[in-house]
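# Structural features, examined
The residues making up each chain are set out below.
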Amino acid sequence: MTGSILFEAIAFLAGAIICVPLAKRLGLSAVLGYLLAGILIGPYVLGFVGEEGDEILHFAEFGVVMMLFLIGLEIDPARFWRMRKTVVGMGGLQVAGTMLLGYLLFSWLGYDWEVSVAIAMAVALSSTAIALQSLKEKGHFDTTYGSASFSILLFQDIIVILMLAVMPLLSPGGETVATENHAETLNLLENLPTWLRGLAIIGSVVLVVAGGRYLIVPTLRWVATWNMRELLTASALLIVLGISFLMELVGLSPALGAFLGGVVLANSEFRHELESTLEPFKELLLGLFFMAVGASVNFIVIAADPLGIGTIVVAVIVVKAIVLFGVAAAFGLKMDDRLLLTVGLAQIGEFAFVLLSFAFQLNILSQEQLDIMLVVTAVSMTMTPILGIINERLLLPNIATKEKEERPTDEFTATHKVILVGFGHFGSTVGRFLRAHGVEATILDYDSNRVDLLRRMGFEVYYGDATRIDLLESAGIAEADLLICTVGSPDTTLALVRKVRKHYPALEVMVRARNRYDATDLLNDGIENVYRETLDTSVKLASDALNKFGFRKYTLYRHAQQFVRLDEESLRRLAVQPRHEDEYVFRVREEIAQQESLLEADRRRKPFTEDTHWNSELRALLED
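Analysis parameters
Residues numbered from 1 in each chain as written. Predicted model: local features only at pLDDT ≥ 70, side-chain atom pairs only at ≥ 80, totals over all residues. Heavy atoms only, no water. Helix = DSSP H or I, 4+ residues; strand = E, 2+ residues; numbered from the N terminus. Buried < 20%, exposed > 50% of the residue type's maximum accessible area, 1.4 Å probe, protein only. Contact = heavy atoms within 4.5 Å. Areas by Shrake-Rupley, 256 points an atom, 1.4 Å probe, with all protein chains shown as cover. Axes fitted to C-alpha atoms, helices over the stretch in contact; angles between N-to-C directions. Parallel < 35°, antiparallel > 145°, perpendicular 65-115°, else oblique. Left-handed = near helix turned anticlockwise from the far one by under 90°. Nonpolar A, V, L, I, M, F, W, Y, C, P; charged D, E, K, R; others polar. Expected span 1.5 Å × (residues − 1). Pairing = 2+ DSSP bridges.

Our next topic: the overall build of the protein chain. For the protein chain, the helix and strand inventory stands at 28 helices and six strands. Counting every position in the protein chain, which comprises 624 residues, the buried fraction comes to 48%. Considering only intrachain contacts with a sequence separation of at least 6, the fraction spanning at least 24 residues in the protein chain is 76%. Accessible surface, the protein chain as shown: approximately 31,200 Å² in total, 63% of it carbon and sulfur.

Set out below in structure tokens:
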């Protein structure tokens, strides 16, 4: 039955539904769950999916393309331009260093120099899909190590274009093997002179930039006038597919083209619409991609020479780790960021499948060498989540923290009655407001580079993992009256509050929640003081909008406070209800109707146009 596309689709979906929740329940990454699902349903274990997994892998790679398009939407062009030095510096040093050590490694293993160079190119690339998905899961995308990882990955996506252009120079006589895959190559410029190819590539980039502003946005505006969501969905898919196809025609990376298209549209009014439309497609295709990678692990090749395959996998990971650690140190990253960057990018990436297959078509690699390197690539990707767990549970608590504790400036010189965990955009606002009113807090943050920067700005901030009770005790939690957690990661927040409640149940805890669902989890965990970051801001925006229609500010302020109070009470009542059952839906509708009824009754008792209390208060204040 493996020949049936419907059966294979069922196998992929069933594998995901079974393995991913199991992995999350065990505290593992969702990526590892997808990889394990792929291994299980693959042709070499249960055999639910045939050996023609390459076709599925190529289709699933479109998830990587969508991911980079959505990342581009988050980066405005000005920020992208500011990143250029980091992208070229860190990315260029990583690729050059890895290629050099990779060439020496495979030359030492007895490969010809052409083969060693071709493999070194593939080894220099890391997995954009795995690395960025891991950053998103753990909430590390905006950290120092997250920015460094993205810069390196972006440079790799750019340099793969040059690698594909150089690869034919390594071919004996420039001959190619007429394979099916090669026949499907869409690069229309491969037979043109170099200068014409360069002009075509530049022209395609200009076309994407100009088309985004003068074609895509007007088209989306026209589509939006029809008020049909399916047309907007089709338009979003058309944009990503069209840009990717254009990049492929001129020999560029589809993922790089999609990223560029996202950056161009980052400032458009359709940014959030495109994000919400494409997000489900991206998540599904990325999951399919990870499972396809797991299914491509060829256990027949591994069984033929397990020691040799294992040696190459370990050697490649070590080589990449050495280079990444050195690059991170050269650019001033602290020990924790170095370890996270090193482990996060030490695998071989998905574009290696393209480079290795192209090298085979050019007669650079033999069939045996291709099979070995494809297995090494897949295994290294599969190892990444496992190495991440080892890093988080063994290396970071002992090596990174130890380095920090040895620094005199990280010792707690003073403790306060308030402990503030997390000093990013949200936490720094809380800390500054407290300090403006004479209340000092002992501030902890897990991003060591941010700690150093904030210290230079005059803040007394300490590095540390607040989920460690011994660190909290050093920060004076035993004498503290209040702990405020403003960390952006829900998993980290839950781990922290559970440990604090276990060891210091009498301590008052105030916690930031990203949304209604995170708030529900915290309430069900016994946390009373939960603050949704979206609630007050959204109510304030609505109040300001009503003010522009002539409603009085005092009345709006009073009604906004009432709305927040009613919504908080509703959330606490709903938190005990099962989230996905009919009873919950019925209760939500009841709560909304009750809130609107109460607000409407209050409005009728004292119409907005008659409420002059705000003006009288203001007048009295001015007279004083």
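On we go from here.
What follows is about the packing of helix 6 (residues 84-108) against helix 7 (residues 113-123). Running from amino to carboxyl end, helix 6 crosses helix 7 at an angle of 135°, the nearest separation of the two axes being 8 Å. By the angle between their axes, helix 6 is oblique relative to helix 7. For helix 6 against helix 7, the interelement crossing comes out right-handed. Contacts from T98, M99, G102, Y103, F106 and S107 of helix 6 reach helix 7 at W113, S116, V117, I119, A120, M121 and V123. Along the lines of polarity and charge, the residues of the contact of helix 6 with helix 7 split into nine nonpolar, four polar and no charged.

Moving on, we get to helix 12 (residues 229-249). One full turn of an α-helix is made of 3.6 residues, so residues set three or four places apart face in the same direction. A rise of 1.5 Å per residue sets the reference length of helix 12, with its 21 residues, at 30 Å; its end C-alpha atoms lie 30 Å apart and thus fit the reference within 8%. Of the residues making up helix 12, those classed as buried are L232, T233, S235, A236, I239, V240, I243, S244, M247 and L249.

Moving on, we get to the pairing of strand 1 (residues 418-421). Taking every second residue as pointing to the same face, both faces of strand 1 are buried, with V418 and L420 on one and I419 and V421 on the other. Where strand 1 and strand 2 (residues 441-445) come together, four bridges link them in parallel fashion. Counterpart to L420 in the pairing with strand 2 is I443. Here strand 1 runs beside strand 4 (residues 482-485); their pairing, made up of four bridges, is parallel. Counterpart to I419 in the pairing with strand 4 is L483.

Shape is all these values report; function is a separate question.
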